[in-house]
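Observations on the model geometry
In case you want the letters, here they are:
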Amino acid sequence: PPFLCRDCIYSNQVVSKAMQFVFEGGMAMRRTTARLARDFWVLPSEGSIRAWCRSYGAAFDFTMDYQQWVVTEFSGIICIDEVYQDKLALLLAVDPRAPKGNRLVGYQLVHGDVDAADVQGFLVHLRAAGIEPAEVITDGSQLYPAVLRQVLPDAAHQLCLFHESRRLNQVAMKA
C-alpha cells in the first residue's frame, strides 16, 4: 500500500509526523516518541527517530533550501554573536523579528578565537547569500563596529539590550 514505506516497520504517515514534530515544531526527540504513542499508538525508539532525522537531513540542502527561504522572509534586522566552547567558536546570525521567534540566518564555525577577519568573512558570506540588513544588533565587543562600517556601511549598528543591561547590572552590583 502507498502509505507504507518499503522495508519499514512504521508507516510513511508516522515517519512524516515525527519529522513534522521535530523539524517544524522543534519538539525534542524523546518527547516525539510519547507524542507518536499518543497519536498513533506506536512507540518507535528514540534511535529510530534519530535515524529518520538523519536521512531527512541528508536530503536537505542548507544553501539551496533553507538559505533561499530565509532571504525571502528576512525582516531586515540581524543579531550577531559568537559562542565559545574550548577551542571552537560559532558565529551566529539570527533574525529576531521572524514570525515564530528568532530564525537562524547564518552560522560559521571558527577554530580558535574569533577575530575581525572571521567576522568580515562571515558578513561577506551573508551579504553574498542575499542578506542586506538595515540594522545589525551586536554585543559590546570591539570585533564588530569597524567591520560593520566596512562591509555593511548602510546598516545601523545597535547594541544588544540584554548584553548592555547585564553590563550595567554588573557595574551596579559592584557599586
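Here's a quick rundown of the structure. (Residues numbered from 1 in each chain as written. Predicted model: local features only at pLDDT ≥ 70, side-chain atom pairs only at ≥ 80, totals over all residues. Heavy atoms only, no water.)

Counting its regular elements, the chain contains 7 helices and 5 strands. Secondary structure of the chain in N-to-C order comes out as α-α-α-α-β-β-β-α-β-α-β-α. Whereas a compact globule of 175 residues would reach a radius of gyration of roughly 16 Å, the chain reaches 21 Å, over 25% beyond that. Projected onto its principal axes, the C-alpha positions of the chain cover 65 × 40 × 35 Å. Of all 175 residues assigned to the chain, the portion counted as buried reaches 33%. Carbon and sulfur atoms make up 55% of the accessible area of the chain, which totals about 11,500 Å². (Helix = DSSP H or I, 4+ residues; strand = E, 2+ residues; numbered from the N terminus. Rg over C-alpha atoms; globule rule 2.2 N^0.38 Å. Buried < 20%, exposed > 50% of the residue type's maximum accessible area, 1.4 Å probe, protein only. Areas by Shrake-Rupley, 256 points an atom, 1.4 Å probe, with all protein chains shown as cover.)

Attention now moves to the packing of helix H1 (residues 12-24) against helix H2 (residues 29-40). Their axes nearest at 10 Å, the elements H1 and H2 cross at an angle of 135°. Put simply, H1 runs oblique to H2. In this structure, H1 crosses over H2, and the sense of that crossing is right-handed. On the side of H1, the interface is formed by Gln13, Val14, Lys17, Ala18, Phe21 and Val22, while H2 contributes Met29, Thr32, Arg35, Leu36, Asp39 and Phe40. (Axes fitted to C-alpha atoms, helices over the stretch in contact; angles between N-to-C directions. Parallel < 35°, antiparallel > 145°, perpendicular 65-115°, else oblique. Left-handed = near helix turned anticlockwise from the far one by under 90°. Contact = heavy atoms within 4.5 Å.)

One pass over the full model with this rule turns up 1 aromatic pair. Over the aromatic face of Phe21 sits the side chain of Arg35, whose NZ or CZ is 4.3 Å from the ring centroid. (Phe/Tyr/Trp six-rings, centres within 6.5 Å; stacked < 30°, edge-to-face > 60°. Lys NZ or Arg CZ within 6 Å of the ring centre and 35° of its normal.)

Turning next to the nonpolar core. Core analysis: the biggest nonpolar cluster contains 24 residues, and Ile78, Ile80, Val119, Leu123 and Leu126 have the highest contact counts within it. Counting residues per element, this core draws most heavily on helix H5 (residues 116-129), which supplies 4 residues. Excluding anything up to four places from it in sequence, Leu126 contacts Ile78, Ala93, Val105, Gly106 and Ile131. Within the second largest apolar cluster, 13 residues are counted, among which are Phe21, Met29, Leu36 and Trp52. (Core = buried A, V, L, I, M, F, W, Y, C linked by side-chain atoms within 4.5 Å.)

This next bit is on the packing of H1 against helix H3 (residues 46-58). In the contact formed by H1 and H3, the axes pass within 10 Å of each other and the chain directions differ by 80°. When the interaxial angle is binned, H1 and H3 end up roughly perpendicular. On H3, the residues that touch Val14, Val15, Ala18, Met19, Val22 and Phe23 of H1 are Ile49, Trp52, Cys53 and Tyr56. A per-class count over the contact of H1 with H3 returns 10 nonpolar, no polar and no charged. (Nonpolar A, V, L, I, M, F, W, Y, C, P; charged D, E, K, R; others polar.)

We now examine H3. If you check H3, its first and last C-alpha atoms are 18 Å apart, about what 13 residues at 1.5 Å a residue would give, namely 18 Å. All of the buried residues along H3 are Ile49, Trp52 and Cys53. Looking down the long axis of H3, one finds its buried residues gathered within 100° of arc, a one-sided arrangement. The outward face of H3, more than 90 degrees from its buried face, is lined by the exposed residues Arg54 and Ala58. For H3, the secondary structure elements touched by its buried residues are H1 and H2. (Expected span 1.5 Å × (residues − 1). Arc of directions from axis to C-beta.)

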